[in-house]
Amino acid sequence: MSNKKALITGITGQDGSYLAELLLEKGYEVHGIIRRSSSFNTGRLTGVFQDPHERGARLHLHYGDLTDGSSINRLMEKVVPDEVYHLAAQSHVRVSFDIPEYTGDVTGLGALRILDAIRETKVKAKFYQASSSEMFGDTTIVPQSEKTPFHPCSPYACAKVYAYHLTINYREAYGIFACNGILFNHESPRRGETFVTRKIARAAARIKAGLDKFLYLGNLEAKRDWGYAPEYVDAMWRMLQQKTPDDYVVATGESRTVREFVEAAFGHVGLDWKKHVRIDPRYYRPTEVSYLLGDAAKARRKLKWEPKTKFKDLVRLMVDAEVAALSR
């Protein structure tokens, strides 16, 4: 059993909840930062709190906010973590066009506040920055690796590029063990309901059950490299177990269109998607990212990490979870 302490920002999100479970299984004491809200948003962690094997006793949640540097500093001094996983962000690409300033503050400056808290408190913590394939934007270079230049196409992606370079800067300037994980799209039944994959899976289940008639989507031709979230959080952990800090692309190396996701999801419940999908211009982005495909050769080589879940299995798994939720 490990006696390490980890601090996770964004612990209530898809990745944060899977990472918390992984670390608890490895014997960590896990601390998470949550925002104060009038409603509970810890649903994804319910399984941990109800765990009969005392995992829940090693999970601690603290109020804090990425826009409030003093709360971050206080928590860093209080927890004194061995590892910090910075996953929290305003993470919706389309929404970042509507709230660009807030996105810059949370997604960009939030990373700065965490890194600077490590520097100021002199806590000997290893740091993981959740970087994104969106940083590559509408690149013409396919596939994208750690050496591919960035061309961000949204306020979200711009903020992520800023946080990416800051991570390297603090590594070089202050000797902090800081890594960037450039993760391509990764999905699961815990994906937020406004994200396209969850939206599709949910619609397939609801239309099959006769609860809805149509699904409204934007660009069906966007191509993405889709993986399974629990496998991707394992890659995050592996990065912080290396002897030296580095930056890694994490991806499946296979790209599919949104249309193919729709086909697979609706096909799985025996529906003809063409009868139920409508295009709504509201869901188009001002600048589209058309084709993302990751080259994770470095992660395979150095981290001994491999994606296991295939595209069709990922779609089935998400749709089945929605069907099961409806039957409950």
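Described below are features of the structure shown in this document. What you see is a predicted model; the values in this text were computed from it and never measured.

### Focus: the overall build of the chain
For the chain, the helix and strand inventory stands at eleven helices and 13 strands. Relative to its length of 328 residues, the chain is compact, with a C-alpha radius of gyration of 19 Å against a globular reference of 20 Å. C-alpha atoms of the chain, sized along the principal axes, occupy 60 × 50 × 40 Å. Per-residue burial over the chain gives 54% buried out of 328 residues.

### Notes on the nonpolar core
Residues Ile8, Leu19, Leu23, Val30, Tyr85 and Tyr128 are the most contacted members of the largest nonpolar core, which totals 36 residues. Secondary-structure elements contributing two or more residues to this core are strand 1 (5-9), helix 1 (14-25), strand 2 (29-34), strand 5 (126-132), strand 6 (178-183), helix 8 (229-239), strand 11 (247-250) and helix 10 (297-303). It is helix 8 that provides the largest number of residues to this core, a total of seven residues.

### Examining the packing of helix 7 (residues 196-208) against helix 9 (residues 258-268)
It is at 9 Å that the axes of helix 7 and helix 9 come closest, and there the two elements cross at 30°. The pairing of helix 7 with helix 9 is recorded here as roughly parallel in orientation. The element helix 7 and its partner helix 9 pack so that their crossing is right-handed. Of the residues in helix 9, those touching helix 7 at Val196, Thr197, Ile200, Ala203, Ala204 and Ile207 are Val258, Phe261, Val262, Ala265 and Phe266. A class-by-class count of the residues in the contact of helix 7 with helix 9 yields ten nonpolar, one polar and no charged.

### Things to note about a nonpolar patch on the surface
A cluster of nonpolar side chains, Phe214, Tyr216 and Tyr283, forms an exposed patch at the surface whose accessible area comes to about 280 Å². As for its position among the elements, Tyr216 is in strand 8 (residues 215-217).

### Regarding the sheet that holds strand 1
For sheets, the rule is that strands pair by backbone hydrogen bonds, running either parallel or antiparallel. Read across the sheet, seven strands follow the order 3-2-1-4-5-6-11 without closing on themselves; strand pairing throughout is parallel. Every other strand in the sheet has two partners, leaving strand 3 (59-63) and strand 11 as the edge strands with one partner each. Direction aside, neighbouring strands of the sheet carry axes that sit 20° apart on average. In this fold helix 6 (residues 155-174) packs onto strand 5, strand 6 and strand 11, with an angle of close to 155° to the strand it touches most, strand 5.

### Section: the packing of aromatic side chains
In the structure shown here, the tally under the stated rule is ten aromatic pairs. Feature note: the residues Phe136, Phe150, Tyr164 and Phe184 constitute an aromatic cluster, connected by ring pairs. Directly above the ring of Tyr283 sits Lys199, whose terminal nitrogen or CZ lies 3.6 Å from the centroid.

### Looking at the pairing of strand 11
Taken residue by residue, a regular strand's side chains alternate between the two faces of the sheet. The alternating pattern of strand 11 places Asp247 and Val249 and Tyr248 and Val250 on opposite faces, both of which are buried. Two elements, strand 6 and strand 11, share four bridges in a ladder whose sense is parallel. In the strand pairing of strand 11, Gly181 is matched with Tyr248.

### Section: the pattern of salt bridges
The final tally for this structure, using the stated rule, is 23 salt bridges. A salt bridge links Asp105 to Arg113, with the nearest nitrogen and oxygen atoms 2.8 Å apart. Note on Asp105: relative accessible area 24%, which makes it partly exposed. Among the charged side chains, a salt-bridge network with shared partners connects Glu193, Arg198, Arg202 and Glu322.

### Details of the side chain of Glu134
Tracing the chain through its elements places Glu134 in the loop between strand 5 and helix 6. Setting aside residues up to four positions removed in sequence, Glu134 forms contacts with Val93, Pro152, Tyr156, Ala157, Arg224, Arg285, Val289 and Leu292.

### Observations concerning unusual backbone geometry
Cis geometry is found at the peptide bond from Val142 to Pro143, where omega equals -5°. Along the chain, the position of Pro143 falls in the loop between strand 5 and helix 6. Unusually for a residue other than glycine, Val80 sits at a positive phi of about 50°. Along the chain, Val80 falls in the loop between helix 3 (69-79) and strand 4 (83-86). We classify Val80 as partly exposed; its relative accessible area is 43%. Unlike most non-glycine residues, Lys122 shows phi in positive territory, near 60°. When its relative accessible area of 65% is taken as the criterion, Lys122 is described as exposed.

### Side note on the pairing of strand 4
Neither face of strand 4 is left uncovered, since the one carrying Glu83 and Tyr85 and the one carrying Val84 and His86 both have all their residues buried. Where strand 4 lies against strand 5, four bridges are found, and the strand directions are parallel. Its bridge partner being in strand 5, His86 is matched across the sheet by Gln129.

Conventions and cut-offs
- Residues numbered from 1 in each chain as written.
- Predicted model: local features only at pLDDT ≥ 70, side-chain atom pairs only at ≥ 80, totals over all residues.
- Heavy atoms only, no water.
- Helix = DSSP H or I, 4+ residues; strand = E, 2+ residues; numbered from the N terminus.
- Rg over C-alpha atoms; globule rule 2.2 N^0.38 Å.
- Buried < 20%, exposed > 50% of the residue type's maximum accessible area, 1.4 Å probe, protein only.
- Core = buried A, V, L, I, M, F, W, Y, C linked by side-chain atoms within 4.5 Å.
- Axes fitted to C-alpha atoms, helices over the stretch in contact; angles between N-to-C directions.
- Parallel < 35°, antiparallel > 145°, perpendicular 65-115°, else oblique.
- Left-handed = near helix turned anticlockwise from the far one by under 90°.
- Contact = heavy atoms within 4.5 Å.
- Nonpolar A, V, L, I, M, F, W, Y, C, P; charged D, E, K, R; others polar.
- Patch = residues over 30% accessible without salt bridge, like charges linked within 9 Å, V, L, I, M, F, W, Y side chains within 5 Å.
- Areas by Shrake-Rupley, 256 points an atom, 1.4 Å probe, with all protein chains shown as cover.
- Salt bridge = Lys/Arg side-chain N within 4 Å of Asp/Glu carboxyl O.
- Pairing = 2+ DSSP bridges.
- Phe/Tyr/Trp six-rings, centres within 6.5 Å; stacked < 30°, edge-to-face > 60°.
- Lys NZ or Arg CZ within 6 Å of the ring centre and 35° of its normal.

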